[in-house]
Amino acid sequence: MALAVLLASGIIAAGIFFWLRTTSAPDEGPPDKPASTPGSAGPSPSESTGRVESTRTVTVDRETITVEEVSTVTDGDTVRAAPAELTPLGLQLIDSSVISADGHSKPFDAPVTISSSGTLTVRNSYRLTDCPDVIPAQWPSPAAFPGASRSYVRLDEPLHTAYAICPDSKSEAAQLSDLAGVIIQGSAARVRLTWLGGQTLTIKALGSASGVAALVPNPDCDASCVASIPPGGSTAIQLAPIDPCPPATDDTRLTLVVQVAGAASTAAVEVAGLSEMICS
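Remember, it's a predicted structure, so these values are computed and weren't measured experimentally.

## Focus on unusual backbone geometry
Argument step 1. Cis geometry is found at the peptide bond from C131 to P132, where omega equals 15°.
Argument step 2. Mapped onto the elements, P132 comes out in the loop between β9 (119–128) and β10 (143–144).
Argument step 3. Positioned with a positive phi, R62 is a non-glycine residue whose angle comes to about 60°.
Argument step 4. Note that R62 resides in the loop between β3 (51–61) and β4 (64–75).
Argument step 5. Given the relative accessible area of 75%, R62 is considered exposed.
Argument step 6. A positive phi angle is found at A248, which is not glycine, with a value near 55°.

Okay, structure coming up:
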């Protein structure tokens, strides 16, 4: 999903393990107005219109990621907010709550209506499932606003790197002896993977490249996978890193979520020169 960020910059905090991307705080908005209880009268989510401005804060506590968003209706009589339906790869939802102005929380498990100039605070907690082998390529929004436009006026969140979110975690990805990878020289970051196994290898998703979350802009197959390699075959995949590498990165592992004969696992392949290509 594409999120409009008005102002963001990365800093490295001395004495701590992760980087934060921050922007200046927005001007103080109108007073909070309480959101109505779930199921209250109002337009259905598909009919919701208006404009919403949000701030997001993402914090890391070992294997727990907390995402808190404060969203204010800046245009429209009412806007409906619904619990987010999808959780990015690498995260598992633990809890979703609406936080009131006095700090009390209640489960966010049904749509709510926010009145004009009203504010909704939602806090979700997630568990990192496979870091550093599978790094979330995006930080999830705890709430969706169907039919309404949305912009972010402040972000405070870690980078999508193993160094930022799980610096002490060790890789458990299996090294596949029948899978090899080499750099393809050129302007784009591309890797050719060759598979010598006896059954078709399906690459379901990219885990990380040199410890950095990355996307595959042009997957070979449908939205459910990145590529499918028959026995003795090969494929070229393009890598689009989400964030800069940490200093002095020399990690040459490309990690993948793969499937062979119906069994899915996380695999790693050493690719000489990967860190130089990703971090350049």
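## Notes on the sheet that holds strand β12 (residues 174–175)
Argument step 1. Here five strands make up an open sheet; going across it, the order is β12-β21-β20-β15-β17 and the pairing mixed. The outermost strands of the open sheet, each flanked by one partner alone, are β12 and β17 (227–229).
Argument step 2. Note that strand β15 (residues 201–209) and strand β20 (residues 253–260) share seven bridges and pair antiparallel. The partner of T202 across the bridge, within β20, is Q259.

## What to know about the environment of I135
Argument step 1. Assignment of secondary structure puts I135 in the loop between β9 and β10.
Argument step 2. A residue is classified by how much of its surface remains accessible, and I135, at 3% relative accessible area, is buried.
Argument step 3. Note: C-alpha distance between I135 and L91 (44 residues apart in sequence) is 8.5 Å.
Argument step 4. Other than its neighbours up to four places away in sequence, I135 contacts L89, H160, T161, A162, I165, G207, S208, G211, V212 and A213.

## What about the confidence of the model for the protein chain?
Argument step 1. For the protein chain, per-residue confidence averages 84 on the pLDDT scale, and residues scoring 70 or more make up 83% of the total.
Argument step 2. Mean pLDDT values for the elements of the protein chain range from 32 in strand β1 (residues 9–12) up to 98 in β9.
Argument step 3. Throughout residues 1–47 the model reports pLDDT below 50, and contacts reaching past four residues in sequence, or to other chains, amount to 94 contacts.

## Quick notes on the state of the cysteines
Argument step 1. The final tally for this structure, using the stated rule, is three disulfides.
Argument step 2. The disulfide partner of C131 is C166, and the S-S distance across this bridge is 1.9 Å. Of note, the bridge from C131 to C166 carries an S-S torsion of about -65° and is left-handed in sense. Of this pair, C131 sits in the loop between β9 and β10 while C166 sits in the loop between α1 (162–165) and β12, and the two are 35 residues apart along the sequence. One exposure class covers both C131 and C166, and it is buried.
Argument step 3. Linked covalently through their sulfurs, C245 and C279 form a disulfide whose S-S length is 2.0 Å.

What counts, and where the lines are drawn
Residues numbered from 1 in each chain as written. Predicted model: local features only at pLDDT ≥ 70, side-chain atom pairs only at ≥ 80, totals over all residues. Heavy atoms only, no water. Helix = DSSP H or I, 4+ residues; strand = E, 2+ residues; numbered from the N terminus. Buried < 20%, exposed > 50% of the residue type's maximum accessible area, 1.4 Å probe, protein only. Pairing = 2+ DSSP bridges. Contact = heavy atoms within 4.5 Å. pLDDT = per-residue confidence, 0-100. Disulfide = S-S within 2.5 Å.

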